[in-house]
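Next come the chains, spelled out residue by residue.
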Amino acid sequence: MTWQTPFAPVSDQIHWPVIVIGGGQAGLSASYWLQQHSIRHLVLEKHSVGHAWRNNRWDSFCLVTPNWQCRLPGFPYDGNDPNGFMPRDAIVDYIERYAAFVKPPLLQGVTVETLQRHDSGGYELVTTEGRFTANQVVMAVNGYHVPNWPRLSERLPTSIEQLHSSDYKSPETLPAGEILVIGTGQSGCQIAEYLHLAGRRVHLCVGRAPRAPRWYRGRDSVDWLEEMGTYEVTVDEHPEPAWDLRHKANHYMTGRDGGREIDLRRFALEGMQLYGRVADIRNGTHLIFGQDLKQNLDGADDTYCRIRESIDRYIEKNNIQAPSEPEYRPIWEPEREPRELDLEATSITTVIWATGFHSDFSWVHLPVFDGAGEPVHQRGITPTPGAYFLGLPWLHTWGSGRFASVGDDARHVVEFIANRTEATTEVSASEQEAMRA
């Protein structure tokens, strides 16, 4: 077998006590804790360390959460701007430096094609570099695997260039002309803002994603929410159902230029054309919109105001001295919601689908999914002994799939692995003693 150079020496052995699938922040965190427990393991990465951050983000991408929340195990943020927001290249550097710090037994460029139970009671992995077996396996592959392309996109004219938000790089890489962005999660809103600030004429289809304040009463709202314990609330304690939490669009704001709020109403005042969600395409060129623009803007603002109110209550309850803020009032309302848009009558040359991703666990042939194909687990521990998940959205808390808390989940899973390993070893030793007797 020919391996790419790993971070730590890796033997050509086929069987391992633990195999970690995925070499991103979740897999690297798992390797860190496995090493703390002296558990031999192998990490398999489909691409290379930092691949998604390097290749699936636009050129001006930056974190939405402040740098101080970058706290991978044993490797907290070490820069000189803890309250800033790392740009894409700095994020890649952080991940690569973390890998160099952890020195995982890592094989890069290896795709796991099939994961299934083995006759021995462990697991068999069929990969592009051959077959492996393991006593236990950790699937550290997040939940954002395949760009979501609505089938509606197939009905747009071929003269329109279409791309997913994961393929967008910069305004300069797009054809001349106006741009339609469909979707207002974090990516859609930030891309629309970047294009708008670059002087491009932008049309934006507004969905139901919530928004959040950036700075409020003298501090970043993330600082307040961290102090309030909001990010420590578990999926089981949260008032919203787990399914809703794990599938809800992230609150939109930005870390650009030191961080600021994104208010789509302000964009409208500045000339951006807003629409409701795309409902249909007729005659190949006419986009038909749902009449939900005002409803979606109001819904985003309701979340924005609830976050502010929760901070207000915390400040009042704890007698904290903080500057006051004026009550939020919308600065723009749609007088009449557009019902349709004739692409031929505009100068739109590009459509960016900011419609998220869906998971693909088709390669996992284990009884660890529910009727909807969603992973079943309790903080990453599945009903199938020895099989675990890491890095999924709301695996345990808000930060489970982020730099903030993925390390805590990894520690929890690895401690479970260590306890199971010790128990298995004790049983094996007892059986051997019984046989000798």
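Basis of the calculations
Residues numbered from 1 in each chain as written. Predicted model: local features only at pLDDT ≥ 70, side-chain atom pairs only at ≥ 80, totals over all residues. Heavy atoms only, no water. Salt bridge = Lys/Arg side-chain N within 4 Å of Asp/Glu carboxyl O. Helix = DSSP H or I, 4+ residues; strand = E, 2+ residues; numbered from the N terminus. Buried < 20%, exposed > 50% of the residue type's maximum accessible area, 1.4 Å probe, protein only. Core = buried A, V, L, I, M, F, W, Y, C linked by side-chain atoms within 4.5 Å. Contact = heavy atoms within 4.5 Å. Axes fitted to C-alpha atoms, helices over the stretch in contact; angles between N-to-C directions. Parallel < 35°, antiparallel > 145°, perpendicular 65-115°, else oblique. Left-handed = near helix turned anticlockwise from the far one by under 90°. Nonpolar A, V, L, I, M, F, W, Y, C, P; charged D, E, K, R; others polar. Pairing = 2+ DSSP bridges.

Novice: Describe the pattern of salt bridges, naming the residues involved and giving the relevant values.
Specialist: Opposite charge on two side chains permits pairing when their charged atoms draw close. Inspection of every chain in the model, using the stated rule, returns 27 salt bridges. Of the charged contacts in the structure, one is a salt bridge between Glu-193 and Arg-260, with a shortest N-O distance of 2.8 Å. Of this pair, Glu-193 sits in helix H4 (residues 186–197) while Arg-260 sits in the loop between helix H6 (242–247) and helix H7 (264–269), and the two are 67 residues apart along the sequence. Look at Glu-193 and you get buried, because its relative accessible area is 3%. Owing to a relative accessible area of 24%, Arg-260 belongs among the partly exposed residues under this scheme. Two residues, Arg-256 and Asp-257, come together in a salt bridge whose shortest N-O distance is 3.5 Å. Via salt bridges that share partners, Arg-211, Arg-265, Lys-294, Asp-298, Asp-301 and Glu-333 belong to a single interconnected network.

Novice: If you had to explain the nonpolar core to someone new, which residues and values would you point to?
Specialist: Membership of the largest hydrophobic core comes to 67 residues, with the highest contact counts inside it found for Tyr-168, Val-181, Leu-195, Leu-264, Leu-274, Ile-352 and Phe-403. Apart from the residues within four sequence positions on either side, Tyr-168 is in contact with Arg-57, Trp-58, Leu-163, Leu-174, Ile-191, Tyr-194, Leu-195 and Ile-352. Val-10, Leu-366, Ala-387 and Leu-392 belong to the second largest nonpolar core, which has 26 residues in total.

Novice: Break down the packing of helix H5 (residues 221–228) against helix H8 (residues 293–317) for me, citing the residues and quoting the values.
Specialist: Think of two packed helices as two axes; the pair is described by the angle between the axes and how far apart they sit. Running from N to C, H5 and H8 cross one another at 55°; their axes reach a closest spacing of 11 Å. With respect to their mutual orientation, H5 and H8 come out oblique. Between H5 and H8 lies a crossing whose hand is left-handed. Contacts from Ser-221, Trp-224, Leu-225, Glu-227 and Met-228 in H5 reach Ile-307, Ser-310, Ile-311, Tyr-314 and Ile-315 in H8. A per-class count over the contact of H5 with H8 returns seven nonpolar, two polar and one charged.

Novice: Any details on the sheet that holds strand E15 (residues 273–275)? Residues and values, ideally.
Specialist: Pairing in this open sheet of five strands is parallel, and the strands run E10-E19-E11-E12-E15 from one edge to the other. Each of the sheet's edge strands pairs with one partner strand only, and the pair in question is strand E10 (161–164) and E15. Strand-to-strand twist of the sheet, defined as the mean angle between neighbouring strand axes without regard to direction, takes the value 20°. Here three bridges tie strand E12 (residues 202–205) to E15, and the two strands are oriented parallel to one another.

Novice: So what's going on with the environment of Val-146? Residues and values would help.
Specialist: Within the secondary structure layout, Val-146 lies in strand E9 (residues 146–147). In this structure Val-146 comes out as partly exposed when scored by relative accessible area, which is 28%. Residues within four places of Val-146 in sequence aside, it is in contact with Gly-356, Phe-357, His-358 and Asp-360.

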